[in-house]
Every structure is written in structure tokens, then in C-alpha cells.
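Listed below are the residues making up each chain.
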Amino acid sequence: LYIESEAPGSIFSPQDLEFLAEFAGAISPYLKAALVHQDHLREIRKLRREVDGRYGLDNLVGRSAAMRGVYELVRLAAGGDRTVLITGESGCGKELVARAIHHASRRNAKALVVVDCSGLSEHLLESELFGHKKGAFTGASADKVGAFQEADGGTLFLDEVSDAPRPLQQKLRRVLQEGEIRRVGDAQFIKVDVRVICATNRSLPEQVEKGEFIRDLFFR
């Protein structure tokens, strides 16, 4: 910041200097915030490059015909915006495939949020997915943003979706159909723009036939 005096000889008076000292004190927090913001942007860009390198398609290992088929499916899935179901045994890399799809898609500038449907009770999983209002249940001392809102504009990966309880499956079906959620304890619906990728190590058609998985959710 460069300041000139229009007084003869370009002299600053003591009053000028006092004003400028106060002015500098007033604007310095904003300048500092702007510099910190620039540093954060540089760090975000650096981390994003590192993440792309870690979770991109090139990070998937294997050059067999079967794996080349997987890579082609990942590219096709990344080019669209449809819901994706990834199946396979535990430990075969389903989450790696989900991350590769996200990072190769148009949503890669937004968040990829991961929720394990097998690790939580029905009520905790509902709160984790949809969030809750303060006072919705015992222990809900503040509003909570759920995974669908966190992933707005990006991707939500539901691992082991086959383990989701049936009442929650109905709510997932509505989200996929209507594109809106309702937090626990809230009367209002909230629109979300989220691409959903699901994974399971079970046979969903078999679970549908047994009545353990909702047919409409499977089709969606």
C-alpha cells in the first residue's frame, strides 16, 4: 500500500501519521486474513493434487484382462452421474474403485464422504446420514449436519449398504428418487445434489428374494 502526501514537499504532518497509524491498524486484520486465505488455497490445491495421485485410476493395481475391464467400467461410471453399485468380496478394493470414480468425475472438486453402514445402529446411522436437529433425541445437544449434506455437490460412498436396516432403506430409496433428505427431528425436507456410490460383499438379488433388501431400492 503506497500513500503520497499532496502537501508542499510531500510532507506528512503528525496528524497525518496518527491517522495512517490508525488506518493501518484497522485494515491489517483483513490483509492478514487475505494472505492466510491465499496460503490455504495453495495448500488445498497441493493436497488435491496429492489426493488425485493417490486415488486416481492409475493407483489401481493390475493389468489382467479382468482388471482392464474394471478400468473401463470406472471410466464409464466417472463420465456419467448415475448411482453406482460395486460388488465384491471384503478386501478386494471396492472403496478404491469408488474413490477412482469420484476423482475422475466432474464432482471431484467437491467432497467424497464415506459412511460404513455396517458399523452403526439404526438410529446412529440415520443421524450420520441425514443429520439431526438439536433436541431430537437424548444427547442431541446441537444441530448436526449429516453425510448427505456434507457431500452436497460431491459423492457419498455407502459401504456395505446391504447392512442398512429396512426402515433406513426406505429413506435411502426416497433420497435417490426425490433428491431430498429430512434430518432427524426436523419437519422440513432439504434438497441435496449428491451422487451415491454403494458397495456390498453380499448378493443383493438374493437379499431381495429373501425380503432382506427392498426391491425398489435395489433397482434404483
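Residues numbered from 1 in each chain as written. Predicted model: local features only at pLDDT ≥ 70, side-chain atom pairs only at ≥ 80, totals over all residues. Heavy atoms only, no water.

Caption draft 1: Region of the structure containing the nonpolar core. Ranked by internal contacts, the top residues of the largest apolar core, which has 26 residues, are L129, F130, F148, L156, L158 and L172. At the level of elements, β2 (112–116), α4 (122–130), α5 (147–150), β5 (155–159), α6 (166–178), β8 (195–200) and α7 (204–210) are the ones that each hand at least two residues to this core. With residues near it in sequence (within four places) discarded, L156 still touches V113, V115, L129, A147, F148, A151, V194, R195, V196 and I197. V74, V84, I86 and L112 belong to the second largest nonpolar core, which has 14 residues in total. (Core = buried A, V, L, I, M, F, W, Y, C linked by side-chain atoms within 4.5 Å. Buried < 20%, exposed > 50% of the residue type's maximum accessible area, 1.4 Å probe, protein only. Helix = DSSP H or I, 4+ residues; strand = E, 2+ residues; numbered from the N terminus. Contact = heavy atoms within 4.5 Å.)

Caption draft 2: Just the sheet that holds β2, in detail. Here we have 4 strands laid out as an open sheet, ordered β1-β8-β5-β2, and parallel in their pairing. Every interior strand has two partners, whereas the edge strands, β1 (84–87) and β2, have only one. Neighbour to neighbour, the strand axes of the sheet diverge by 20° on average, direction disregarded. Bridge analysis of β2 against β5 gives 5 bridges, and the strand direction is parallel. When the bridges of β5 are listed, D116 appears paired with D159. Helix α3 (residues 94–103) contacts β1, β2, β5 and β8 of the sheet and is inclined by roughly 150° relative to β1. (Pairing = 2+ DSSP bridges. Axes fitted to C-alpha atoms, helices over the stretch in contact; angles between N-to-C directions.)

Caption draft 3: How the structure looks around a nonpolar patch on the surface. Side chains of L1, I3, F12, L17, F19 and F23 sit close together on the surface and give an oily, nonpolar patch of about 630 Å² of accessible area. Looking at where F12 falls in the secondary structure, it is placed in the segment before α1 (14–55). (Patch = residues over 30% accessible without salt bridge, like charges linked within 9 Å, V, L, I, M, F, W, Y side chains within 5 Å. Areas by Shrake-Rupley, 256 points an atom, 1.4 Å probe, with all protein chains shown as cover. Salt bridge = Lys/Arg side-chain N within 4 Å of Asp/Glu carboxyl O.)

Caption draft 4: Just the pairing of β5, in detail. The buried count for β5 comes to 5 of 5 residues, which makes it a mostly enclosed element. Burial of the side chains of β5 extends over both faces: T155, F157 and D159 are buried on one face and L156 and L158 on the other. Taken together, the 4 bridges between β5 and β8 define a ladder with parallel strand orientation. Paired with L156 across the strands is V196, a residue of β8.

Caption draft 5: Focus on helix α2 (residues 65–79). Compared with an ideal rise of 1.5 Å per residue, which puts 15 residues at 21 Å, α2 spans 21 Å between its outermost C-alpha atoms and is within 8% of the ideal. Among the residues making up α2, those that are buried are Y71, V74, A77 and A78. The buried side chains of α2 occupy one side of the element, clustering within an arc of 125° when seen end-on. Opposite its buried face, α2 presents the exposed residues A65, A66, L73, L76 and G79, each directed more than 90 degrees away. Tucked inside the fold, the buried residues of α2 contact β1, α3 and β8. (Expected span 1.5 Å × (residues − 1). Arc of directions from axis to C-beta.)

Caption draft 6: Molecular detail of α6. The terminal C-alpha atoms of α6, which comprises 13 residues, lie 18 Å apart, in line with the 18 Å expected from a rise of 1.5 Å per residue. Within the span of α6, buried status applies to L168, Q169, L172, R173 and V175. Seen end-on, α6 carries its buried residues on one side only, within an arc spanning 160°. Against the buried residues of α6 lie α4, α5, β5, β6 (180–181) and α8 (215–219). Trailing α6 by a residue or two, G179 shows a phi angle of about 70°, which is positive.

Caption draft 7: A look at the layout of surface pockets. Of the pockets and cavities examined, the largest pocket occupies roughly 350 Å³. V70, V74, I86, G93 and V97 are the residues nearest the centre of the largest pocket, which is lined by 17 residues in total. Where the lining of the largest pocket is concerned, the elements lending two or more residues are α2, β1 and α3. With 5 residues, the top contributor of residues to the lining of the largest pocket is α2. Residue classes in the lining of the largest pocket are distributed as 14 nonpolar, 2 polar and 1 charged. (1 Å grid on protein atoms, 1.4 Å probe; cavity = no way out; pocket = protein on both sides within 12 Å on 5 of 7 lines; lining within 4 Å. Points joined across faces, edges and corners; volume = space filled by probe spheres on them. Nonpolar A, V, L, I, M, F, W, Y, C, P; charged D, E, K, R; others polar.)

Everything listed here is a matter of geometry and, on its own, says nothing about what the molecule does.
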